[in-house]
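What follows is each chain in one-letter form.
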Amino acid sequence: MQTAKAVIFDMDGVLIDSYQAHYESWCVVAAQEGIAFGRELFDRTFGRTSREIIRDVWGERAGDDAHVASLDDRKEAAYREIIARNFPAMPGAGELIDALAAAGFRMAVGSSGPPENVALVLNRLQRQRLFSAVVSGADVVRGKPDPAIFLLAAQRIGVPPTRCAVIEDAPLGIEAAHAAGMTAIGLASTGRQRDQLTAADAVFDALTDITPETIEQLLAAGMTRSC
């Protein structure tokens, strides 16, 4: 019997070129609150949940959980407005998803973003039916590099971690994938250079460079290393 295999996609910087939209939406909310927010800070925190970023950046001014939730909602609403006006799909995303489905891969999304963001992206890609599970920041307490997002995705699609490949554009996501016992595929994207992703098992410049056969080979190599 054929062994199940899966690909877990990060969303931001993998399915959607969202770097600029996220940066702009953080700047909007930070300016409203009188908080300084620049590129360096954004790059350092990108990939974590919004709640964690607010606690980190706002410090004591983050206030109680209700205020953090309100800031989080405002930031993500601003983000959705930005990408809804001009949806920046990653080149090759739809084609890779289709190829993986045809090759028998199960697929999931493992994103630190809220479920509304993930739903919007999958709706625009018109590929919802091909994903067996979606795990968002609302499903876990701790964001990446904690492996909870990826482990929950593997559990929901019924594939052992050693048979899961994660496609990520962020160092924190690669760390989380490895912590989950999964193969980590790095994807260079806006704001993410190849030299930031060297911890991954393989790094690619574009989704169009990744094939189901490539992922099969990386999973096989990962199984060999774990033996």
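Only a predicted model underlies this, so the values are computations on that prediction, with no experimental measurement involved.

Cut-off values and rules
Residues numbered from 1 in each chain as written. Predicted model: local features only at pLDDT ≥ 70, side-chain atom pairs only at ≥ 80, totals over all residues. Heavy atoms only, no water. Helix = DSSP H or I, 4+ residues; strand = E, 2+ residues; numbered from the N terminus. Expected span 1.5 Å × (residues − 1). Contact = heavy atoms within 4.5 Å. Salt bridge = Lys/Arg side-chain N within 4 Å of Asp/Glu carboxyl O. Buried < 20%, exposed > 50% of the residue type's maximum accessible area, 1.4 Å probe, protein only. Pairing = 2+ DSSP bridges. Right-handed = clockwise from strand over helix to strand, strands pointing away. Phe/Tyr/Trp six-rings, centres within 6.5 Å; stacked < 30°, edge-to-face > 60°. Lys NZ or Arg CZ within 6 Å of the ring centre and 35° of its normal.

Some thoughts on helix α1 (residues 19–33)
Right, on to step 1. Along its 15 residues, α1 runs 21 Å from first to last C-alpha, staying within 8% of the 21 Å computed at 1.5 Å per residue.
Right, on to step 2. Turning to α1, the residues buried within the fold contact α2 (39–45), α3 (50–58), α4 (65–85) and α6 (115–125).
Right, on to step 3. G34 sits one or two positions beyond α1 and adopts a positive phi of about 70°.

Observations regarding the pattern of salt bridges
Right, on to step 1. Under the counting rule described, the total for this entry stands at eleven salt bridges.
Right, on to step 2. Across the pair R44 and D56 runs a salt bridge, and its minimum N-O distance is 3.1 Å. One end of the pair, R44, is in helix α2; the other, D56, is in helix α3, with twelve residues separating them in the sequence.
Right, on to step 3. On the accessibility criterion, D56 (33% relative accessible area) is partly exposed.
Right, on to step 4. Between D65 and R55 there is a salt bridge; the shortest N-O distance is 2.5 Å. Here D65, found in helix α4, pairs with R55, found in helix α3; they are ten residues apart in sequence, far enough to count as distant.
Right, on to step 5. On the basis of relative accessibility, which here comes to 58%, the residue D65 falls in the exposed class.
Right, on to step 6. Because the salt bridges share partners, they merge into one network encompassing D10, K144 and E168.

Focus on the pairing of strand β4 (residues 164–168)
Right, on to step 1. Across the five residues that make up β4, a large majority, five, are buried.
Right, on to step 2. The side-chain alternation of β4 yields two buried faces, one formed by C164, V166 and E168 and the other by A165 and I167.
Right, on to step 3. Across four bridges, the pairing between strand β1 (residues 6–9) and β4 is parallel. Within the sheet, the bridge partner assigned to A6 lies in β4 and is C164.
Right, on to step 4. With helix α8 (residues 171–179) bridging β4 and its parallel neighbour strand β5 (residues 183–187), the resulting β-α-β unit is right-handed.

Considering the packing of aromatic side chains
Right, on to step 1. All told, the structure shown has six aromatic pairs when counted by the stated rule.
Right, on to step 2. Ring centres 6.0 Å apart and planes at 65° place the aromatic pair F9 and F131 in the edge-to-face group. Remark: F131 occurs in the loop between α6 and β3 (133–135) and F9 occurs in strand β1; sequence separation between them is 122 residues. Per residue, the accessibility class of F9 equals that of F131, and both read buried.
Right, on to step 3. The interplanar angle of 15° and the centroid separation of 5.6 Å between the aromatic rings of W26 and F37 together place this pair among those described as stacked. On the criterion of sequence distance, the pair formed by W26 in helix α1 and F37 in the loop between α1 and α2 is long-range, its members being eleven residues apart. An identical accessibility class is assigned to W26 and F37; each is buried.
Right, on to step 4. Among the aromatic residues, those joined into a ring-pair cluster are Y19, Y23, W26, F37, F42 and W58.
Right, on to step 5. When the ring centre of F105 is taken as reference, the NZ or CZ atom of K5 above it lies at 4.7 Å.
Right, on to step 6. The ring of Y23 has R39 lying over it, and the distance from NZ or CZ to the ring centre is 3.9 Å.

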